[in-house]
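# Inside the fold
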Amino acid sequence: RRRGVLRVHLQQKRRSEKSKLFASQPISPFLFTFFLTLDSLSHSTRISSTHYPISPFKPDKMSAPGVPKVDTGPKQDQLPASTGVVDACAGEEVDASAWLEQTSTPASQPEQKFRYAVVMDFEATCFEDKGVKLKALQEIIEFPAVIIDLNAPPDAPPLAEFHRYVQPTDIPKLSDFCTKLTGIRQEMVDGHATIDAVLRDFIAWIEAQPYLIKHSEGKNFVICTCGDWDFKTMFPTEIKRKKLDGLVPRWLKAGWCNVKVYFESCTGTKARGMPGMLDSLRLPLIGRHHSGIDDTRNIANIVKKLVNQWGDPVDITHPPARAWAE
């Protein structure tokens, strides 16, 4: 046992003398590079040991057949709970949304199916009693539309805008709840045209745009809304109830693009309403939320940003409303 202890003691002493000798000698560039590489490899191994789940690529149901897609990376709701994503090179945290934006730009953008988009967002009468929203006869009281060129850069202004306030006839007086939600006061609708006249004005405005092809064969524009309510429920229900469906052309009864579905298809993240989409895309809110014309302009900006950043074709996500067939 004494011999073993002595042997260990001598080995430790020799190692100590070698270390002192090595420290007193100038290190060669080769050895310096060698030890620096070892340290870097050790650091990278520690950083890469943290695992971040990345969802497999989910094919876009809206893409044309054969069009290549680019994986946009991890979804935002799958990122770590920290304030950002750990940079594997520097070990520092970077902004997660900026990292997602950098990885989402496609190398080449597929051709758009439609050249133009007519973005629309109705505001309608609404009622509340003791904090409970009532189901009553709703009527459109703000009728806005914005036309954008899907091939234009994101900062390009709209090609044209349409905006009318509409006088309700079934329940002419606006509720306080409706005014508070939409910002539309009674004097803003009193004395204005009713829905039949506004609908005629809107159709004439669309027909007057020379670049829009309206017939079903070769139609070059798609209607875009933030959700399905506008053209699945509100518009056909009021038009049918007031027996005005004979005024509605075929292109206005066709399907539409739900921008929420398009957003989720492009980004792989859930659309949290118009304000949430603006925030995710780092776009400012224009005007007032639930103002029809302001919402329409904001939705148009969302579509332009998605088209220019991801390039996915804007297509119809919902077939014609069943209300038209009833």
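Residues numbered from 1 in each chain as written. Predicted model: local features only at pLDDT ≥ 70, side-chain atom pairs only at ≥ 80, totals over all residues. Heavy atoms only, no water.

Here we take up the packing of aromatic side chains. Tallied over the entire structure, the rule returns 14 aromatic pairs. Judged by centre distance (5.8 Å) and plane angle (20 degrees), the ring pair of F122 and F235 falls under stacked. Here F122, found in the loop between β3 (116-120) and β4 (123-124), pairs with F235, found in helix α7 (residues 229-241); they are 113 residues apart in sequence, far enough to count as distant. Under the relative-accessibility criterion, F235 is labelled buried at 1%. (Phe/Tyr/Trp six-rings, centres within 6.5 Å; stacked < 30°, edge-to-face > 60°. Helix = DSSP H or I, 4+ residues; strand = E, 2+ residues; numbered from the N terminus. Buried < 20%, exposed > 50% of the residue type's maximum accessible area, 1.4 Å probe, protein only.)

Moving on: the confidence of the model for the protein. Confidence in the prediction for the protein averages 77 pLDDT; 64% of positions are at 70 or higher. Taken as a whole, residues 40-107 scores under 50 in pLDDT and shows 78 contacts with residues more than four places along the chain or in a different chain. (pLDDT = per-residue confidence, 0-100. Contact = heavy atoms within 4.5 Å.)

Bringing the environment of R272 into the picture now. By the element assignment, R272 lies in the loop between α9 (259-267) and α10 (273-280). Taking the C-alpha atoms as reference points, R272 and K260, 12 residues apart in sequence, are found 8.2 Å from one another. The residues contacting R272, other than those within four sequence positions of it, are D279 and S280.

With a phi angle near 55 degrees, K243 is a residue other than glycine that sits in the positive phi range. Here K243 is to be found in the loop between α7 and α8 (250-253). We note that H290 has phi near 80 degrees; this positive angle belongs to a residue other than glycine. Tracing the chain through its elements places H290 in the loop between α10 and α11 (292-309). By relative accessible area, which is 29% here, H290 ends up partly exposed.

In terms of nonpolar packing, the biggest core is built from 33 residues, with M120, F143, F202, F235 and L252 touching the most fellow members. When residues of this core are traced back to their parent elements, those giving at least two are β3, β7 (140-149), β8 (160-165), α6 (195-207), β9 (221-225), α7 and α8. Sort the elements by how many residues they give to this core and α6 lands first, with seven residues. Setting aside anything within four residues of it in sequence, one finds L252 in contact with L199, F202, I223, F231 and F235. Formed by 28 residues, the second largest nonpolar core is a distinct cluster that contains A117, V259, M274 and V303. (Core = buried A, V, L, I, M, F, W, Y, C linked by side-chain atoms within 4.5 Å.)

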